[in-house]
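Residue-level structural notes
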Amino acid sequence: MKTFGDLLNMIFSGQNLALLGAALAAALAGIGSAKGVGIVGEASSAMLQEDPTKFGKALLLQALPGTQGIYGLVTAFLIINKIGLLGGAPVQLSTAQGAFFLMASLPIAIVGLVSGIAQGRVAATGISLVSKRPAESIKAVTSAALVETYAIFALLISLLPILMFKV
Amino acid sequence: MAVTKMKRFRVLTLRDDSDSLFRLMQDLGCVDIEKEYAESPPDGAEALDMTSEDSEVKTRIAETGSALDFLAGYAASSKGLFSPPREVDRHSADNGRYRDEAYGYVKRAVEIKNEKTRLTSETQSLRNELAALKPWVNLDVPLPESSTVTTRSVAGLMAAKTDPETVLQSSGTFAAVAETLSVGKTHRYVLLTAHRDDYDEALSALTRAGFAPTPAKADEKSGFAKGRTAILLQKLRADEEKLREIDREAKALSEQADKIEVYHDLLTTDEARINATSKMAVTSKVGMITGWVPEAAVPSLSEKLDGYGDAYEFTDPTEEDDVPVLLKNNKFAKNFEPVVELYSLPKYGTFDPTFIMSFFYIVIFGMMLADVGYGLLISIGCFLGIGLMKPKKSMKNMLTMFGLCGISCIVMGVLFGGYFGDVPAVLAEKWFRVKPPRLALWFDPLTNFTTFLILSLAIGALHLVCGLCIKFYVLWKRGKKFDAVFDVGSWIILFLGAAVFLLSRTAGLVMVIAGLVMLVATQGRHNKNIFMKIVGGVGSLYSIIGYLSDLLSYSRILALGLASMVIASVFNILGTLPGPSVIGVIFFIVIFLIGHLLNMAINMLGTFVHTSRLQYIEFFGKFYEDGGRPFEPLTAESKYVNFK
């Protein structure tokens, strides 16, 4: 390593950029889910103090915002697998190719973060529906699950370039 | 595939006969009793006060429920999760002797339940007192305090490591003795005896060092601690014997739980009837009942009523009536009624889309979860559940529906190559080092996703056009033929033209232009001004954007389908990482089970919600008129058993 330019080249190697994409997908979508699940958990613990028998229904609502984290994980895993870090020889990537993976990870990273939190909010208000009218709880689940649509679309747009990439 | 036609049913009956009339209606289970008056009873009539009957039956239900909860703890064989409810003939069970017998059991169970609660808390306090007395059994002085002419004593506890004698000495000379009777793990038991004058000082010195008088109480009359202990022990023995006696009796009573369960359901049935009865309006002699009856049940009901000699009539509902809605569908489609009910029932007299929806539901569900493995698990689970649990009607419909959707998943899994994701391919490639087999019979959506997208949108287009056709049909039948042809028909021609365009350019183009011209020419027809007519016509084309966004919404079929496949394959790759060793195989099995269970759970929920959403928003949005009130006939309400 001689110059600052060499340092930059080393840090922003194709491999590292792809890894950065995987990290963003897992981390941001994971944060979204953690926050979302947390919001619902707070609401449901308050309700369960009054009526512990509704645990199952509350748990279903609490699990809903957890999927964004899984989508992020899946994207990260696919990237890591594609660049050969899981068994097999690591693939040599140009900086442009690494950046390609980084870009591809952005939809699920960003939408996962925001939709996880938004879905958590909807599910948390659904908890009060479960506590007052348990028979109608499927409606709360449905409206919370609709928020996830956009995480699924984002996942699709993240996955397609990664799957199409020929190494 | 229709909303059942209802008749308004009115009957005038003698007040004394009304109970047997309600019993008859409850047996038939085909009358939805309506409150006879909206706010106050009609002139000359009054509301029937059933509050005392109602509160009595509610109390008995609560008692019976609490008795059953209590006895459940004693049942010899706990009922399995999947054991179906018993079938009981309500009429042979429902007689005064049976009810009295069962209520006797209930009262006894509640009595011994309360007695058990009392005894349990009593034995607990006895045990506490015995434990407090234990260190002092050899002490023949009253507890905790005693006195003679010149001295006073107190027995108490302090920390084991503190020596009370040193405490007393270091705090000055007192005419006091602190005798340690015994030392336990954490506490020592101390008897402080002091001259009356020095007692207070000595006690406060010890108290500062952590001394506390014992909670135990004993006096000379009871024979000090030893005598008191004996008395308490005797009491405890007696209580424990009573508790055992209660347990024996509860165990014996728990064998009558079957009878009590039937009694409970007889009571809930009474409650439903009392509730219906309170909706009557009565004069001193006559009662008037109003309700709704499905048209098909009218003959059997009137045949029964003729035996009563009451005046009754069946009339058609008027415009203002809030008629309850009962869906009527064939054996296949009725399983999908829960999906419609979840949204909202159609208004009375409007179109019931269940039959048409069920086909789209089943196809779209399968495409979103195209996997043979998951489909098998869903179908087996649902059909096994029906066989084992014998669930009630709505639950049974729901399970059948998911079972059918599971079969659709299997078919789609064969077409698009989903076998727990791509397990066969991954295993072949990673472990057996052979060329992975081609899994998909038709095509693999992971490599041909554009084809899958087009397929999704094509199904969407069909779904939307179907919705428009229903709208056309509904309008046409209501005599709004112009509206049907111009507002809906032109769109149908336009969309069909777009489809035909893919096959034949000219024919398609002609249809599209014809549709557009119809729209521009007719959509402004409600405006008076000729200029506004043109603006309205051209403006209507803006709706194309709405239809386009509806159509693109069906891309979620692709998104959910791919998501389930990719997540499954990620778990498969992860599981096969360690290679085909013994540990590797164990690792694979663990990852396989956890991963696919998780994936199945997430995607089943997602698939259910999004398949339903496509029906509710894209499909129902074209024609559906919601807001129907469900038909809830007076019938035998049961929780524990199924009444025949």
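1. Structural notes on unusual backbone geometry
Residues and elements named next belong to chain B.
- You will see that Lys390, though not glycine, has its phi angle at about 45 degrees, which is positive.
- Relative to the helices and strands, Lys390 is located in the loop between α12 (372–389) and α13 (393–416).
- The exposure class of Lys390 is partly exposed, given its relative accessible area of 46%.

2. Points about the nonpolar core
- Counting residues in each nonpolar core, the largest one holds 53 residues, and the members touching the most others are Tyr71 and Phe101 of chain A together with Ile364 and Ile557 of chain B.
- The greatest single-element share of this core, amounting to 12 residues, is contributed by helix α20 (residues 555–576) of chain B.
- Not counting chain neighbours up to four residues away, the residues in contact with Tyr71 of chain A comprise Ile108, Glu148, Ala151, Ile152 and Leu155 of chain A together with Ile567 and Ile602 of chain B.
- Grouped together as the second largest cluster of nonpolar side chains are 49 residues, Leu345, Met401, Phe608 and Tyr616 of chain B included.

3. Focus: the interface of chain B and chain A
- Listed per partner, the contact involves 23 residues of chain B and 25 residues of chain A.
- Taken together, the two surfaces of chain B and chain A that pack against each other cover about 2,300 Å², and 87% of this comes from carbon and sulfur.
- The interface formed by chain B and chain A holds zero salt bridges in total.
- Linking chain B with chain A are zero residue pairs in polar contact (both at pLDDT 80 or more), by the criterion used here.
- The biggest single contributor to the side of chain B that touches chain A is α20 of chain B, with 12 residues.
- Of the residues contributing to the side of chain B that touches chain A, the split by class is 19 nonpolar, two polar and two charged.

4. Quick word on the sheet that holds strand β14 (residues 324–325) of chain B
All names here are of chain B.
- Taken together, three strands build an open sheet; the order of strands is β14-β17-β16 and the sheet is mixed. The sheet is open, and its two borders are formed by β14 and β16 (345–346), each paired with just one other strand.
- Sheet topology note: the β14/strand β17 (residues 626–630) ladder contains two bridges and is parallel. Within β17, the residue paired with Val325 across the bridge is Pro630.

5. Focus: the domain arrangement of chain B
- What the domain assignment lists for chain B is domain 1 (1–48 + 278–326), domain 2 (50–123 + 230–274), domain 3 (132–229) and domain 4 (334–435 + 445–628).
- Between domain 3 of chain B and domain 4 of chain B, the C-alpha centre-to-centre distance is 84 Å.

6. Topic: the pattern of salt bridges
Residues and elements named next belong to chain B.
- According to the stated counting rule, one finds 36 salt bridges over all chains in the structure shown.
- A salt bridge links Arg108 to Glu249, with the shortest nitrogen-to-oxygen separation between them at 2.5 Å. Residue Arg108 is found in helix α4 (residues 96–133), and its partner Glu249 is found in helix α7 (residues 224–254); the two are separated by 141 residues along the sequence.
- The partly exposed category is assigned to Arg108, whose relative accessible area is 33%.
- The closest approach of N and O atoms between Lys622 and Asp550, which form a salt bridge, is 2.7 Å. Pair noted here: Lys622 is in helix α21 (residues 582–623) and Asp550 is in helix α19 (residues 543–553), with a separation of 72 residues, a long-range link.
- Note on Asp550: relative accessible area 14%, which makes it buried.
- Members of the salt-bridge network, linked through shared partners, are Arg8, Asp32, Glu34, Asp321, Asp322 and Arg629.

7. Quick word on the confidence of the model for chain B
Residue and element names in this part refer to chain B.
- Put simply, chain B has an average pLDDT of 89, and 99% of its residues get 70 or more.
- Across chain B, element-level confidence peaks in helix α11 (residues 354–368) with a mean pLDDT of 96 and bottoms out in helix α5 (residues 164–170) with 80.
- In the predicted complex, the global pTM is 0.81; the interface-specific ipTM is 0.76.

8. Observations concerning the packing of aromatic side chains
All names here are of chain B.
- In the structure shown here, the tally under the stated rule is 42 aromatic pairs over all chains.
- Seen in terms of ring centroids, Phe9 and Phe314 are 5.2 Å apart; in terms of plane orientation they differ by 25 degrees. Their pairing is stacked. Of this pair, Phe9 sits in strand β2 (residues 6–14) while Phe314 sits in strand β13 (residues 311–315), and the two are 305 residues apart along the sequence.
- Judged by its relative accessible area of 0%, Phe9 is buried.
- Aromatic pair Phe351 and Tyr473: ring centres 5.8 Å apart, planes at 75 degrees, arrangement edge-to-face. With Phe351 in the loop between β16 and α11 and Tyr473 in helix α15 (residues 449–477), this residue pair connects regions lying 122 residues apart in the sequence.
- According to the relative accessible area criterion, Phe351 is buried, its value standing at 15%.
- Among the aromatic residues, ring-to-ring pairing joins Tyr343, Phe351, Phe360, Tyr473, Tyr616, Phe619, Phe620, Phe623 and Tyr624 into one connected group.
- Just above the ring of Tyr103 sits the side chain of Arg60; from NZ or CZ to the centre is 3.7 Å.

9. Considering the side chain of Asp371 of chain B
All names here are of chain B.
- Looking at where Asp371 falls in the secondary structure, it is placed in the loop between α11 and α12.
- For the buried Asp371, no salt bridge exists, and the shortest N-O distance to an oppositely charged side chain is 17 Å, to Arg438.
- Looking at Asp371, its side chain comes within polar contact range of the main-chain nitrogen of Gly373, at 2.9 Å.
- In contact with Asp371, not counting residues within four places along its chain, are Cys409, Ile410, Gly413, Gly418, Tyr419, Phe420 and Gly421.

10. Side note on the environment of Arg613 of chain B
- For Arg613 of chain B, the position within the fold is in helix α21.
- What makes Arg613 of chain B buried here is its relative accessible area of 13%.
- On a C-alpha basis, the gap between Arg613 of chain B and Ile492 of chain B in space is 22 Å, while along the polypeptide they are 121 residues apart.
- Beyond its immediate sequence surroundings of up to four residues, Arg613 of chain B is in contact with Leu146 of chain A together with Ser553, Arg556 and Glu618 of chain B.
- Within polar-contact distance, the side chain of Arg613 of chain B engages the side chain of Ser553 of chain B at 3.4 Å.

11. Here we look at the state of the cysteines
Residues and elements named next belong to chain B.
- All chains considered together, the criterion is met by zero disulfides over all chains.
- Cysteine Cys405 remains unbridged, with the sulfur of Cys409 as its closest cysteine sulfur at 6.9 Å.
- The class of Cys405 is buried, set by a relative accessible area of 0%.
- Of the residues examined, Cys409 reaches a relative accessible area of 0% and is grouped as buried.

12. Some points on a nonpolar patch on the surface
- Where nonpolar side chains cluster on the molecular surface, the patch consists of Val582, Ile583, Val585, Ile586, Ile589, Val590, Leu593 and Ile594 of chain B and spans about 780 Å² of accessible area.
- For Ile586 of chain B, the location among the structural elements is in helix α21.

13. Let's talk about helix α6 (residues 199–208) of chain B
All names here are of chain B.
- Among all positions in α6, only Tyr199, Ala202, Leu203, Ala205 and Leu206 are buried. The buried residues of α6 occupy an angular sector of 160 degrees when projected down its axis, which confines them to one face. Residues of α6 that are exposed and angled more than 90 degrees away from the buried face: Asp200 and Arg208.
- Those residues of α6 that are buried are in contact with β6 (145–147), β7 (151–159), α5, β8 (176–183) and β9 (187–195).
- Of the residues trailing α6, Gly210 is marked for its positive phi of about 105 degrees.

14. Description of the packing of helix α3 (residues 55–63) of chain A against helix α5 (residues 95–132) of chain A
Residues and elements named next belong to chain A.
- Look at α3 against α5: their axes get within 9 Å of each other, and the N-to-C directions meet at 165 degrees. Put simply, α3 runs roughly antiparallel to α5. Our pair here, α3 against α5, has a crossing hand that is right-handed. Counting all contacts with α3, which are made through Lys57, Ala58 and Leu61, the residues of α5 involved are Ala123, Gly126, Ile127 and Val130.
- Among the residues making up the contact of α3 with α5, the classes are represented as five nonpolar, one polar and one charged.

15. As for the packing of α11 of chain B against α13 of chain B
All names here are of chain B.
- α13 packs onto α11 with a crossing angle of 55 degrees between their chain directions and a minimal axis gap of 8 Å. Here α11 lies oblique to α13, going by the angle between them. The way α11 lies across α13 gives a crossing that is right-handed. Residues Tyr361, Ile362, Val363, Phe365, Gly366 and Met367 of α11 touch α13, and the partners they reach there are Met401, Phe402, Leu404, Cys405, Ser408, Cys409 and Met412.
- Residue composition of the contact of α11 with α13, by class: 11 nonpolar, two polar and no charged.

Cut-offs and rules
- Residues numbered from 1 in each chain as written.
- Chains lettered and ligands numbered in written order.
- Predicted model: local features only at pLDDT ≥ 70, side-chain atom pairs only at ≥ 80, totals over all residues.
- Heavy atoms only, no water.
- Helix = DSSP H or I, 4+ residues; strand = E, 2+ residues; numbered from the N terminus.
- Buried < 20%, exposed > 50% of the residue type's maximum accessible area, 1.4 Å probe, protein only.
- Core = buried A, V, L, I, M, F, W, Y, C linked by side-chain atoms within 4.5 Å.
- Contact = heavy atoms within 4.5 Å.
- Buried area = accessible area lost by both parts, 1.4 Å probe.
- Salt bridge = Lys/Arg side-chain N within 4 Å of Asp/Glu carboxyl O.
- Polar contact = N/O pair within 3.5 Å; in protein donor to acceptor, adjacent residues only side chain to side chain.
- Nonpolar A, V, L, I, M, F, W, Y, C, P; charged D, E, K, R; others polar.
- Pairing = 2+ DSSP bridges.
- Domains from an automatic or database assignment.
- pLDDT = per-residue confidence, 0-100.
- Phe/Tyr/Trp six-rings, centres within 6.5 Å; stacked < 30°, edge-to-face > 60°.
- Lys NZ or Arg CZ within 6 Å of the ring centre and 35° of its normal.
- Lys, Arg positive; Asp, Glu negative; His and termini not counted.
- Disulfide = S-S within 2.5 Å.
- Patch = residues over 30% accessible without salt bridge, like charges linked within 9 Å, V, L, I, M, F, W, Y side chains within 5 Å.
- Areas by Shrake-Rupley, 256 points an atom, 1.4 Å probe, with all protein chains shown as cover.
- Arc of directions from axis to C-beta.
- Axes fitted to C-alpha atoms, helices over the stretch in contact; angles between N-to-C directions.
- Parallel < 35°, antiparallel > 145°, perpendicular 65-115°, else oblique.
- Left-handed = near helix turned anticlockwise from the far one by under 90°.

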